[in-house]
Amino acid sequence: MSKRVSLQLVLVWPLLLCAAVFSSPSHVAAQGAPAAESVTRATLANGARVVIIRSTLAPVVTVEANFIVGGNETPDGFPGMAHAQEHMAFRGCAGMTADQTAAIYALLGGENNADTQQHITQYFATVPAADVDVALEAQATCVKGVDDSQEEWDKERGAIEQEVQRDLSNPTYKFFAQMNSAMFPGTPYAHDPLGTKASFDATTGTMLKEFYDKWYSPSNLILVVVGDVDPAATLAKIKSLFSDIPSHPLPSRPEIDLKPFTSQTLAIDSNLPYVLGFISYRLPGTDSVDYAAAQILSDVLGSQRADLYGMVPAGKALATEFAMAEAYRKASVGFGVVALPASADATSAIGEMRQIFTRYATDGVPADLVDAAKRSEIAQAEFQRNSIPGLAEVWSDALANEGRNSPEEDIDAIRKVTLADVNRVAKEYLLNVSTITAILKPVNGGGPVSQKGFGGSEQVTSSPTKPVVLPDWAKGPLEQLQAPAKAIEVSDTTLPNGIRLIVRTDRTSPTVTVLGSVKHNSDLQAPAGNDGVDDVLDQLYSYGTQTLDRLAFQKALDDIAANESAGYNFSLSVLKEYFSRGVQLLADNELHPALPGQAFKITQQQTAQFVAGQLHSPGYLTSRALTLGLVPAGDPTLRETTPATVSKLTLNDVKQYHDATVRPDLTTIVVIGDVTSDEAKTVIEKWFGDWKATGPKPNTTLPPVPVNKATASNVPDPEAVQDQVSLAEQLNLNRFDPDYYPLQLGNHVLGGGFYATRLYHDLRQVNGYVYGVSVSLNATRSRASYSVDYGCDPQNVLKARALIVRDLEQMRTEDVSESELHQAKALLLRQIPLSTASEDAVAGALLARAQMGLPLDEPVTAAHKYLALTADDVRKAFARQIRTDNLVQVVRGPAPQ
């Protein structure tokens with residue numbers, strides 16, 4: 001995949017919106033990074049650089065191979081060459097075929113991918129710690145050589161072109177692509193490493209092989225390994241696998257000669273439910289001594305205490321953000337953005353946004369916001385240690401992308417930033433400079449159109465089930481199927497007021513994370529005619545508490561470098577030393593929100609305006625069409641929030657809804673981090689203990705529904721050049737039905753393992769119809785739906801559907817092969833330890849199981865169930881539950897041909 005910093009608006013709408021220094025071997029120590037003995041470095045004889053960071057967070061390891069080549073180095077006229085080469089690494093390497101590659105990574109748990117950026121190409125896999133040698137073998141195989149055969153490229157070309165089509169259907173991608181072209185003319189930064197369909201049509205396997213031979217050398221590689229490893233043993237293994245791979249001189253890299261650019265205003269049609277207005281500035285790149293100051297400036301401008309965000313509570317914008325993106329070596333991009341109602345003219349709001357930035361650049365930014373931004377950045381360095389793949393990404397980015405010696409160099413630079421530095425950078429880069437302005441305005445494509453019949457009558461052949469013969473180095477380790485010996489250790493108690501408290505102690509970093517959830521279903525709990533009351537309530541939490549107004553509350557969070565959110569799903573991330581204070585603020589916000597009258601009027605209007613745009617957006621219309629096809633008339637999930645229902649709400653309605661639905665006896669809180677169960681219980685009881693429930697406990701579980709009948713509809717989307725297709729059906733089961741586990745096992749025969757699984761093999765590897773295809777079973781306490789989702793060109797929608805139906809029918813009528821069953825079990829079993837690779841993932845999974853009513857050790861019991869299942873069990877479950885003649889088909893985009 002091509003990777004860029006995506007637009008991630010912190011929208012308040014829940015409805016949406018190499019110059020590195022190495023020695024051989026050595027150790028480093030840094031505050032905010034793992035302890036000194038945890039980092040091992042080496043440079044191999046062929047120039048390959050190795051960094052091993054030991055983390056005992058989980059029995060998991062991430063292996064990330066970073067090649068210092070990307071969009072910058074692509075030939076003229078072929079901007080996606082590096083991206084295409086990344087794809088072809090999965091189509092056969094020296095001594096490892098495409099089928100073997102797919103089977104190996106599937107058997108390892110399926111957590112592998114790659115991305116291409118402007119300066120680097122990365123190949124990464126997260127695997128159980130016991131399997132790290134296999135992952136290293138696979139990486140070494142592709143460093144030795146990639147086949148780049150014309151036959152395989154002819155197949156992969158279709159998939160990568162579908163990736164292009166997908167991104168070209170995204171208005172924010174189109175904005176970033178046009179912005180880069182305008183801001184960096186005549187440089188490699190002007191083109192995205194994604195590539196173009198025309199250039200891929202002209203690309204050959206020979207050209208790809210020439211590109212690989214030029215740039216893929218061990219001397220151009222930084223290998224980062226993070227996780228629960230023995231560093232000495234791992235380094236020895238790496239040396240044995242990589243040291244003998246010959247290196248060669250690298251070509252000269254293109255010069256990046258940044259020239260002045262002319263201000264432009266871009267007008268881009270959009271399929272979003274709101275208008276977006278952008279102002280983009282060219283800021284210092286990662287090579288610049290001013291990069292850290294620019295980061296702090298960006299944080300200050302985006303602060304909820306700054307004037308840009310102040311446009312939201314003033315009723316002038318639905319949401320705002322300032323962020324840095326496109327962090328290249330010689331430049332980066334900073335952009336401000338406002339979200340406005342779908343019918344709004346963005347000119348005035350963009351003008352006010354520009355005035356705000358000019359005022360800060362002229363008069364200086366607030367000193368306390370600079371201090372807060374620095375505290376936050378330094379604190380985030382601690383939280384980055386709480387994820388093994390996340391830590392691998394941080395180290396890879398610092399070493400390979402930025403040319404640092406370690407991520408600590410970035411934090412040291414942040415520590416040294418002064419108020420004067422920030423103000424100087426603001427003046428230089430925000431005042432009297434060229435900018436790229438853009439307005440993304442929604443285009444109405446019309447409502448869903450019903451379709452009759454499904455077509456797709458092409459001749460299809462049986463899906464291959466011939467076992468893949470693995471290389472000798474992979475056979476032994478991957479033949480083993482073993483259930484986890486035990487679940488992760490937690491404390492599980494219920495407080496006197498009904499709160500269920502789950503605590504997991506983890507000493508990886510001096511941080512604590514709190515996740516909470518209040519069982520809630522507005523379709524069942526909102527009074528008739530009050531649809532949208534929960535959305536208005538959710539927005540009002542940002543206005544502080546009954547004792548701290550909006551700005552005072554945010555300052556209290558900034559003072560302890562905490563991130564907090566309240567609502568039916570609430571959270572807190574805080575340094576251990578401020579745990580109690582953080583929970584105090586969280587509880588005050590959750591239990592005693594300010595709900596001020598003036599803020600209610602503004603939030604009510606903003607919600608109504610957002611809903612007005614949402615009701616006509618292709619995304620909402622697609623979701624609505626799918627729901628209408630799956631549930632019967634009168635089902636609670638068909639309730640619809642409209643501008644009228646929002647506009648009739650009163651502040652008293654919102655207050656009553658909060659008091660009735662936010663209850664301790666419906667709440668689960670998970671605490672994870674550097675805290676004992678007793679410490680966590682003491683703090684949670686102190687600040688949440690006085691919370692009491694009143695009245696009978698409300699029902700939050702939807703009633704069961706019958707199975708659906710087949711329907712088909714097309715939702716026009718004028719901005720889409722690719723169709724997004726959902727095939728779904730309602731099943732006659734729930735999460736606790738015995739058929740759940742054989743269906744999930746069967747799903748991992750169909751998908752989840754890239755080319756090694758049937759749908760990926762048939763739709764992508766063989767035919768090139770799609771870039772991705774997913775199959776999912778979504779089961780709750782009372783319902784379950786089954787879906788297959790994919791994106792492809794309109795002329796291939798029905799061809800792809802025919803293959804999917806064929807594969808589903810085979811699951812119903814034929815036993816899967818022994819090798820497929822083994823692979824599916826390996827996928828599921830190895831995904832259990834992989835699901836513990838980050839604190840956030842552990843906390844989220846514990847919370848989800850608690851809210852569903854599942855045992856907290858369910859993954860362990862599930863593993864034993866999967867091991868016991870047979871091919872006959874899978875076939876019978878699919879025969880009982882899956883009906884291919886009852887699929888609901890919803891297509892978003894051009895009408896299928």
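Up top you'll find the structure we're talking about.
An account of the accompanying structure is given in this report. (Residues numbered from 1 in each chain as written. Predicted model: local features only at pLDDT ≥ 70, side-chain atom pairs only at ≥ 80, totals over all residues. Heavy atoms only, no water.)

## Some remarks on the side chain of Q765
Structurally, Q765 can be placed in helix 27 (residues 758-766). Not counting chain neighbours up to four residues away, the residues in contact with Q765 comprise R91, A98, D99, K155, Y755 and Y760. (Helix = DSSP H or I, 4+ residues; strand = E, 2+ residues; numbered from the N terminus. Contact = heavy atoms within 4.5 Å.)

## A closer look at empty space enclosed by the protein
Here the second largest cavity defines a volume of roughly 160 Å³. Considering the residues around the second largest cavity, the lining is formed by 18 residues, among which A89, Y105, Y123, Q139 and C142 are closest to the centre. Counting residues per element, the ones that place at least two in the lining of the second largest cavity are helix 2 (98-107), strand 7 (112-116), strand 8 (121-128) and helix 3 (132-144). A per-element tally of the lining of the second largest cavity places helix 3 first, with four residues. Along the lines of polarity and charge, the residues of the lining of the second largest cavity split into 14 nonpolar, four polar and no charged. (1 Å grid on protein atoms, 1.4 Å probe; cavity = no way out; pocket = protein on both sides within 12 Å on 5 of 7 lines; lining within 4 Å. Points joined across faces, edges and corners; volume = space filled by probe spheres on them. Nonpolar A, V, L, I, M, F, W, Y, C, P; charged D, E, K, R; others polar.)

## Thoughts on the nonpolar core
Grouped together as the largest cluster of nonpolar side chains are 62 residues, with contacts concentrated most on I238 and F242. Ranked by the residues each element gives to this core, the list is headed by helix 3, at eight residues. Those residues in contact with F242 that lie beyond four places of it in its chain are L44, N46, L136, Q139, A140, V143, L221 and L223. If you look at the next biggest cluster of nonpolar residues, it comprises 50 residues, including L501, L540, Y568 and V675. (Core = buried A, V, L, I, M, F, W, Y, C linked by side-chain atoms within 4.5 Å. Buried < 20%, exposed > 50% of the residue type's maximum accessible area, 1.4 Å probe, protein only.)

## A short note on the pattern of salt bridges
Enumeration over the complete set of coordinates arrives at 50 salt bridges. R166 serves as the salt-bridge partner of E163, at 3.9 Å between the closest nitrogen and oxygen. Of this pair, E163 and R166 both sit in helix 4 (residues 150-168), three residues apart, which is roughly one turn of the helix. Residue K316 pairs with E352 through a salt bridge whose shortest N-O separation is 3.0 Å. Here E352 lies in helix 11 (residues 347-363) and K316 lies in the loop between helix 10 (307-310) and strand 12 (319-325), a separation of 36 residues in the sequence. The exposure class assigned to K316 is partly exposed, which follows from its relative accessible area of 44%. Since its relative accessible area comes to 23%, E352 is described here as partly exposed. Via salt bridges that share partners, R91, E152, E156 and R764 belong to a single interconnected network. (Salt bridge = Lys/Arg side-chain N within 4 Å of Asp/Glu carboxyl O.)

## Describing the pairing of strand 14 (residues 436-442)
In terms of strand pairing, strand 10 (residues 264-270) meets strand 14 through seven bridges, oriented parallel. Bridge pairing in strand 14 places S270 opposite P442. With five bridges connecting them, strand 11 (residues 275-284) and strand 14 associate as antiparallel partners. From the neighbouring strand, I279 faces strand 14, where its bridge partner is T437. (Pairing = 2+ DSSP bridges.)

## Overview of the packing of helix 9 (residues 291-301) against helix 12 (residues 367-383)
One can describe the packing of helix 9 onto helix 12 by two numbers: an axis separation of 9 Å at closest approach and a directional angle of 110°. Classed by the angle they form, the pair helix 9 and helix 12 counts as roughly perpendicular. The two elements helix 9 and helix 12 meet at a crossing, and its hand is right-handed. Taken together, the residues of helix 12 that come into contact with helix 9 (itself represented by I296, D299 and V300) are L369, V370, A373, K374 and E377. Here the contact of helix 9 with helix 12 is composed, by residue class, of five nonpolar, no polar and three charged. (Axes fitted to C-alpha atoms, helices over the stretch in contact; angles between N-to-C directions. Parallel < 35°, antiparallel > 145°, perpendicular 65-115°, else oblique. Left-handed = near helix turned anticlockwise from the far one by under 90°.)

## Focus: the pairing of strand 16 (residues 491-494)
As judged from the four bridges shared by strand 16 and strand 17 (residues 500-505), these two strands associate in the antiparallel manner. Looking at the pairing, T493 lines up with L501 of strand 17. In this structure, the hairpin formed by strand 16 and strand 17 is closed by a connection of five residues, where G498 is found at a positive phi of approximately 105°.

## Some thoughts on the state of the cysteines
Summed over all chains, the structure comprises one disulfide. Two residues, C93 and C142, share a disulfide whose sulfurs are 1.9 Å apart. Taking the torsion about the S-S bond as the criterion, the C93 to C142 disulfide, at about 85°, is right-handed. Of the two residues, C93 is situated in strand 5 (residues 92-93) and C142 in helix 3; the sequence distance between them amounts to 49 residues. A relative accessible area of 2% places C93 in the buried class. Judged by relative accessible area, C142 falls into the buried class, the value being 15%. (Disulfide = S-S within 2.5 Å.)

## Things to note about the layout of surface pockets
Where empty space is left can be seen by rolling a probe of water-molecule size over the atoms. Considered as a void within the structure, the largest pocket measures approximately 800 Å³ in volume. Along its surface, the largest pocket is lined by 37 residues, and P59, P484, L829, I832 and P833 are the ones closest to its centre. When residues in the lining of the largest pocket are grouped by element, the largest group, five residues, is from helix 29 (residues 818-834). In terms of residue class, the lining of the largest pocket is made up of 24 nonpolar, five polar and eight charged.

## Topic: the sheet that holds strand 13 (residues 331-340)
Taken together, five strands build an open sheet; the order of strands is 10-14-11-13-12 and the sheet is mixed. The open sheet has two edge strands, strand 10 and strand 12, and neither has a second partner. Strand-to-strand, the axes of this sheet are offset by a mean angle of 20°, without reference to chain direction. Taken strand by strand, helix 5 (residues 171-183) contacts strand 10, strand 11, strand 12, strand 13 and strand 14, and its axis lies near 160° from that of strand 10. The sheet contacts of helix 11 involve strand 11, strand 12, strand 13 and strand 14, and relative to strand 11 the element is tilted by about 30°.

## Some thoughts on the packing of aromatic side chains
Going through the model one piece at a time under the given rule, you end up with 21 aromatic pairs. With 5.2 Å between their ring centres and 50° between their planes, F175 and F176 make a pair best called tilted. Both residues of the pair, F175 and F176, belong to the buried class. Measuring from ring centre to ring centre gives 4.2 Å for Y189 and Y328, while their planes differ by 25°; the resulting arrangement is stacked. Separated by 139 residues along the polypeptide, Y189 in the loop between helix 5 and helix 6 (197-202) and Y328 in the loop between strand 12 and strand 13 bring together distant segments of the chain. On the basis of relative accessibility, which here comes to 1%, the residue Y189 falls in the buried class. One aromatic cluster is present, built from ring pairs that chain together F67, F90, Y123, Y212 and Y216. (Phe/Tyr/Trp six-rings, centres within 6.5 Å; stacked < 30°, edge-to-face > 60°.)

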